[in-house]
Amino acid sequence: MPVDEKKLTEREKELALEFQASKEKLRESSRQVAMVMDLNKCIGCQLCSMACKTLWTQVEGREYMWWNKVNTQPGKGSPKDWERKGGGYQVLFGGKVRDPVRGELPTRKDFGDMWKFNFEEVFSSKAGDKHLQARNPDGTEPDWAMNWDEDQGGGKYPNAFYFYLPRICNHCTYAACIDACPRNAIYKREEDGAVVIDQERCKGYRFCLEACPYKVIYFNFVQQTSMKCIFCYPRLEEEVATACARQCTGRVRFLGFMDDEKGPIHKLVKVWKVALPLHLEYGTEPNVFYVPPLSPPRLDEDGKIDTSKPRIPMAYLRYLFGPEVEKAMDTMQSEMNKVRSGGKSELMDILIAREWNGMFKPFTKDPALLERLPEKQTKA
Ligand code: SF4
Ligand code: SF4
């Protein structure tokens, strides 16, 4: 239930401020690592998801987790209907207080369980009449999974549309998960601002799963602790880019420190203002940003190109990326036109990303050349 700030007593206001101050230490960091994903280049290949899975979640208890996932938009996403499950903050007193909102706890089924397949039955069938079947761990037939509604999208023929939305933890400046944890087990790393969960402190209460409005935290039912994307911090420490960024087929992902004024993150977010956070209204100030997708042409009833409005409804893009999305798309369009008519554009040069290692500075080391490879996650 949203709080009516006018009805709060002075004491309640004081308590809210005290609570916020008590969490301040856990949010402190000297620098903030951030990511920009250009949705115009994502082809939904899921190589990023596989890179992340191979590195972090192929061990017992984590099998059903996808710390990186690529959802089709519009769609229900992962976990199912995550955008309707609540959490985040209600911003009060002109931004002085962020009151955590208790959201719904996503179930293991909402995420889509780790399927088992009847390989043995198929391979040993002499008649060859058995086909491969997926089953939930309890033997039931699956009716949801990560990417169950992949490529379905929205709109109607001939103006159907979809695009891909890769999602990781947003390593938010105001991380609702930090506020929600009664054990103070969640904190920002001082050196890079990655939000991590101390696996030794976590007691598995799962308040963080309710509080995170992006629903990117999973519960490890074997270890009885909460887990999520760690921004590949053991790789960052070795100046190696995150696995999802390095493996990305489409050169979609830029990675770097927010305060590096010469880097692509600062330029795309702060200078050109074409990279926007997802669902800004949740109040957590994400550090993952998206360059919104430009539309393919819309067709009229006679099948002719209709330039009066974009195929992807602007209202839908506004719903995802906020009120600045129109301005961001106008900027991209006008810079594109400039290049088409023979001009130069810093913005287009950054987005095209001809040199892959310019996308990740300072995380440009080749992991294959490291003496010590990053170890599997243990503590956070
Ligand atoms: S996206 Fe969710 S889990 Fe990640 S930092 Fe923000 S609130 Fe916490
Ligand atoms: S690897 Fe890159 S192009 Fe492929 S799905 Fe992930 S973000 Fe998109």
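Described in the following lines is the structure provided in the data block. These numbers come from a predicted model, not from an experiment.

A closer look at the layout of surface pockets
Moving on, step 1. Volume-wise, the largest pocket comes out at about 470 Å³.
Moving on, step 2. Together, 21 residues line the largest pocket, and Val 269, Ala 275, Leu 276, Pro 277 and Phe 289 are the ones closest to its centre.
Moving on, step 3. Sort the elements by how many residues they give to the lining of the largest pocket and helix α11 (residues 325–340) lands first, with three residues.
Moving on, step 4. Among the residues forming the lining of the largest pocket, the class breakdown is 12 nonpolar, four polar and five charged.
Moving on, step 5. Considering only enclosed or pocket space, the second largest pocket measures out at about 330 Å³ in volume.
Moving on, step 6. Around the second largest pocket, the lining comprises 14 residues; the ones closest to its centre are Ser 295, Pro 296, Lys 309, Pro 310 and Gln 333.
Moving on, step 7. Only β16 (305–306) and α11 provide two or more residues apiece to the lining of the second largest pocket.
Moving on, step 8. For the lining of the second largest pocket, the leading source of residues is α11, giving three residues.
Moving on, step 9. Taken together, the residues that form the lining of the second largest pocket break down as seven nonpolar, three polar and four charged.

Structural notes on the side chain of Lys 23
Moving on, step 1. By the secondary structure assignment, Lys 23 is in helix α1 (residues 10–27).
Moving on, step 2. Although buried, Lys 23 forms no salt bridge, and the nearest oppositely charged side chain, Asp 179, lies 5.4 Å from it.
Moving on, step 3. With near-sequence residues (within four places) excluded, Lys 23 lies in contact with Ile 178, Asp 179, Cys 181 and Asn 184.

Things to note about the packing of aromatic side chains
Moving on, step 1. Scanning the model with the defined rule gives 20 aromatic pairs in all.
Moving on, step 2. Their ring planes at 35 degrees and their centres at 6.2 Å tell us that Trp 82 and Tyr 214 sit as a pair that is tilted. With Trp 82 in the loop between β2 (69–73) and β3 (89–92) and Tyr 214 in the loop between α6 (207–211) and β10 (218–220), the pair connects residues that are 132 residues apart, well separated along the chain. The burial state of Trp 82 is the same as that of Tyr 214; both residues are buried.
Moving on, step 3. Seen in terms of ring centroids, Trp 144 and Trp 148 are 6.5 Å apart; in terms of plane orientation they differ by 35 degrees. Their pairing is tilted.

Quick notes on the rules
Residues numbered from 1 in each chain as written. Chains lettered and ligands numbered in written order. Predicted model: local features only at pLDDT ≥ 70, side-chain atom pairs only at ≥ 80, totals over all residues. Heavy atoms only, no water. 1 Å grid on protein atoms, 1.4 Å probe; cavity = no way out; pocket = protein on both sides within 12 Å on 5 of 7 lines; lining within 4 Å. Points joined across faces, edges and corners; volume = space filled by probe spheres on them. Helix = DSSP H or I, 4+ residues; strand = E, 2+ residues; numbered from the N terminus. Nonpolar A, V, L, I, M, F, W, Y, C, P; charged D, E, K, R; others polar. Buried < 20%, exposed > 50% of the residue type's maximum accessible area, 1.4 Å probe, protein only. Lys, Arg positive; Asp, Glu negative; His and termini not counted. Salt bridge = Lys/Arg side-chain N within 4 Å of Asp/Glu carboxyl O. Contact = heavy atoms within 4.5 Å. Phe/Tyr/Trp six-rings, centres within 6.5 Å; stacked < 30°, edge-to-face > 60°.

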